Amino acid sequence: MKDLERRVWLVTCTALLVFVVYETIKTVLFPNMSVVGSHVITVIVVSVLTFFVSRYALGRYGQALAETQRQTAITKNTNRLLAGVLATMREAVVIVDSQVRVALYNDAAAAMFKLPLTDAGRPRPGTAIDEASAEGLSLPRVQPTAVDPSTGTAGTAETTRTFRLTDVTRDPAINNAFRSVLEKRAPVELQVDVADREHRTFQLNVAPLGERLAVGVFFDISRLERLERVRREFFANLSHELRTPLTAMLACSETLKAGAIDDSANRLRFVETLHKHALRMNALISDISDLSAIESGQIELRLRPVRLRQAVADLVALAESRRTDSDLSFKISIPEKIIVQADKTRLDQILFNLIDNAVKFNRPGGSVNVGAEEKDGLVSITIADTGSGIAAVDLPRIFERLYRGDKSRSRKTEGAGLGLAIVKHLVHAHGGELFVVSELGRGSQFTFTLPIATQAE
Ligand code: ADP
């Protein structure tokens, strides 16, 4: 615009110069010209000069106006795109002004901090917006009414007010991070815990925006955190599970080496203990490699129709025969006609793990019921026991690798805590789902689904 003004001034001055030159030439060359003739010629010259100067100026201003309109259209489109990007972002974004008032937040932030949802961008009226605009930030139009964040309800124009970051979240870590960025104009990165519907962990990156604003982006890292915890616990549990048999094996072999090998009365006992623990380690390692093969999709299921009642009856007999000391009663309520589409070996593995757990964690004189019914094109199989039940804190975690609930009790039973992890993956590989319902002291009920066989066995 400045350049344009300069040019118009230049052209006007040139026109003035031309006029002065013309006047001088006219006076010098035609000193006797009549006043009327001189005026007529002067008017014509001035009109022509004015015409050209105006045409030049209007043309230039027209071009400048067209350029401004083009820029405005581009800005509007960019705003629309930015508002769309902000609205669809899974990360919560909050922009605050120099007074730590919220200037802008997106849908994810609205959901996270239970803020009112209006249209895209959701700026609040007030200086927050003015400052943002002063920073050259294009913000969507201010709402005519505002929403009180404490009640979440829309107010009238009179009750309209901006709200501070402390109204949005009381977390001192979040508030301090924004304040520090506004003061020091240097980015801050921190981890924060937010308890909304569930407890979630976020990585918060706050950075300066322009001269006076700060923008914070919340990345949800709860899943990563959980995976990291599971991984840490897996290795801790694995080393524990391996150490127990290994320590026993070392002790036995050292005793044998120290002379027990010549003790004909006891050496067999030591060798048997050695063998028992070697078997336990072997079972653990083969379970782990089996699980990793299933998890990485390396196993191939040979699906075929399987008569469910017979498969369950065989496994119940096996579980019974393995625990001759148990006085449990077993009941199978599976209609003869139910035929599932499954890999027989893997189905046996699923059923055996669940039935074995129902036996292992049962009470003396308790019962184990295995039932099945056809529902919505699937077969739903339930293994219910009258055992110890599972504590609510353990329930969401029993399907994790090597996780064992109630450690004191579980340690007494054999098994490393891999059974349910294997069962879960095998059920999923068959296209089914696995659920558990349990009540401490009353028993547990594991239910899984399998597809019905399309043709007879
Ligand atoms: P394991 O039986 O080798 O300990 P699982 O993966 O089969 O490992 O089970 C994990 C944990 O879940 C067990 O340690 C136990 O605490 C709990 N659990 C599984 N089934 C039952 C059940 N039927 N009753 C009570 N607790 C159970």
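An account of the accompanying structure is given in this report. (Residues numbered from 1 in each chain as written. Predicted model: local features only at pLDDT ≥ 70, side-chain atom pairs only at ≥ 80, totals over all residues. Heavy atoms only, no water.)

**A few points about the overall build of the chain**
Thought 1: Assigned secondary structure in the chain consists of twelve helices and 14 strands.
Thought 2: Looking at the 457 residues of the chain, the share that counts as buried comes to 39%.
Thought 3: A fraction of 61% describes how many contacts in the chain between residues 6 or more apart in sequence connect residues 24 or more apart.
Thought 4: Looking at the chain as shown, the accessible area adds up to about 26600 Å², and 58% of this sits on carbon and sulfur atoms. (Helix = DSSP H or I, 4+ residues; strand = E, 2+ residues; numbered from the N terminus. Buried < 20%, exposed > 50% of the residue type's maximum accessible area, 1.4 Å probe, protein only. Contact = heavy atoms within 4.5 Å. Areas by Shrake-Rupley, 256 points an atom, 1.4 Å probe, with all protein chains shown as cover.)

**Some thoughts on the environment of Leu86**
Thought 1: Mapped onto the secondary structure, Leu86 falls in helix α2 (residues 35–88).
Thought 2: Sequence separation between Leu86 and Asp107 is 21 residues, and the spatial gap between their C-alpha atoms is 7.6 Å.
Thought 3: Excluding residues that lie within four positions of it along the chain, Leu86 makes contacts with Val93, Leu104 and Asn106.

**Focus on the packing of aromatic side chains**
Thought 1: Applying the stated criterion across every chain yields a total of five aromatic pairs.
Thought 2: Where Phe19 meets Tyr22, the ring centres are 6.0 Å apart and the plane angle is 40 degrees; that geometry is what we call tilted. On the criterion of helical spacing, the pair formed by Phe19 and Tyr22 is a turn pair, its members being three residues apart in helix α1 (residues 2–29).
Thought 3: For Phe19, a relative accessible area of 22% gives the class partly exposed.
Thought 4: Here Phe202 and Phe218 contribute two aromatic rings whose centre-to-centre distance is 6.3 Å and whose plane-to-plane angle is 85 degrees, an arrangement assigned as edge-to-face. Of the two residues, Phe202 sits in strand β6 (residues 199–209) while Phe218 sits in strand β7 (residues 213–220), which places them 16 residues apart along the sequence. (Phe/Tyr/Trp six-rings, centres within 6.5 Å; stacked < 30°, edge-to-face > 60°.)

**Quick word on the site of the ligand**
Thought 1: In the neighbourhood of the ligand, 20 residues make up the surrounding shell, with Asn357, Lys360, Asp385, Gly417 and Leu420 lying closest.
Thought 2: Take Asn357: an N or O atom from its side chain is 2.8 Å from an oxygen atom of the ligand.
Thought 3: One nitrogen or oxygen atom from the main chain of Leu420 is found 2.8 Å from an oxygen atom belonging to the ligand.
Thought 4: Protein contact buries 98% of the 530 Å² of open area that the ligand shows by itself.
Thought 5: Of all the elements in the fold, those that place two or more residues in the shell around the ligand are α10 (344–360), α12 (419–429) and β14 (443–451). (Near = heavy atom within 4 Å. Polar contact = N/O pair within 3.5 Å; in protein donor to acceptor, adjacent residues only side chain to side chain.)

**A closer look at the sheet that holds strand β5 (residues 188–195)**
Thought 1: Spatial ordering of the open sheet is given by β2-β1-β7-β6-β5, a layout of five strands whose pairing is antiparallel. Looking at the sheet topology across the chains shown, the edges are occupied by β2 (102–105) and β5. Sheet twist, expressed as the average angle between the axes of neighbouring strands with direction ignored, equals 25 degrees.
Thought 2: When strand β1 (residues 92–96) meets β2, the two strands line up antiparallel, connected through three bridges. Within β2, the residue paired with Val94 across the bridge is Tyr105. (Pairing = 2+ DSSP bridges. Axes fitted to C-alpha atoms, helices over the stretch in contact; angles between N-to-C directions.)

**Focus: the packing of helix α7 (residues 222–257) against helix α8 (residues 267–295)**
Thought 1: One way to put it is that α7 packs onto α8 with a least axis distance of 9 Å and a crossing angle of 155 degrees. As the angle between them shows, α7 and α8 are arranged roughly antiparallel. Along this stretch, α7 crosses α8, giving a crossing that reads as left-handed. For the pair α7 and α8, contact is made by Leu238, Glu241, Leu242, Thr244, Pro245, Leu246, Ala248, Met249, Cys252, Ser253, Thr255 and Leu256 and by Arg267, Phe270, Val271, Thr273, Leu274, His277, Ala278, Arg280, Met281, Leu284, Ile285 and Ile288, respectively.
Thought 2: Here the contact of α7 with α8 is built from residues that sort into 16 nonpolar, five polar and three charged. (Parallel < 35°, antiparallel > 145°, perpendicular 65-115°, else oblique. Left-handed = near helix turned anticlockwise from the far one by under 90°. Nonpolar A, V, L, I, M, F, W, Y, C, P; charged D, E, K, R; others polar.)

**Looking at the side chain of Asp394**
Thought 1: Relative to the assigned elements, Asp394 resides in the loop between β12 (378–385) and α11 (407–410).
Thought 2: When its relative accessible area of 10% is taken as the criterion, Asp394 is described as buried.
Thought 3: A polar side-chain atom of Asp394 sits 2.6 Å from a polar atom in the side chain of Tyr403.

**What about a nonpolar patch on the surface?**
Thought 1: There is a patch of nonpolar side chains on the surface, built from Leu17, Val21, Ile25, Val28, Leu29 and Phe30 and spanning about 620 Å² of accessible area.
Thought 2: Residue position: Leu17 is located in helix α1. (Patch = residues over 30% accessible without salt bridge, like charges linked within 9 Å, V, L, I, M, F, W, Y side chains within 5 Å. Salt bridge = Lys/Arg side-chain N within 4 Å of Asp/Glu carboxyl O.)

**Quick notes on the pattern of salt bridges**
Thought 1: Under the criterion given, the structure shown has 16 salt bridges.
Thought 2: Residues Glu23 and Lys26 are paired through a salt bridge, measuring 3.3 Å at the closest nitrogen-oxygen approach. One end of the pair is Glu23 and the other is Lys26, both in helix α1 and three residues apart, which spans about a single turn.
Thought 3: Here the residues in one salt-bridge network are Arg226, Glu233, Arg397 and Glu400, joined through shared partners.

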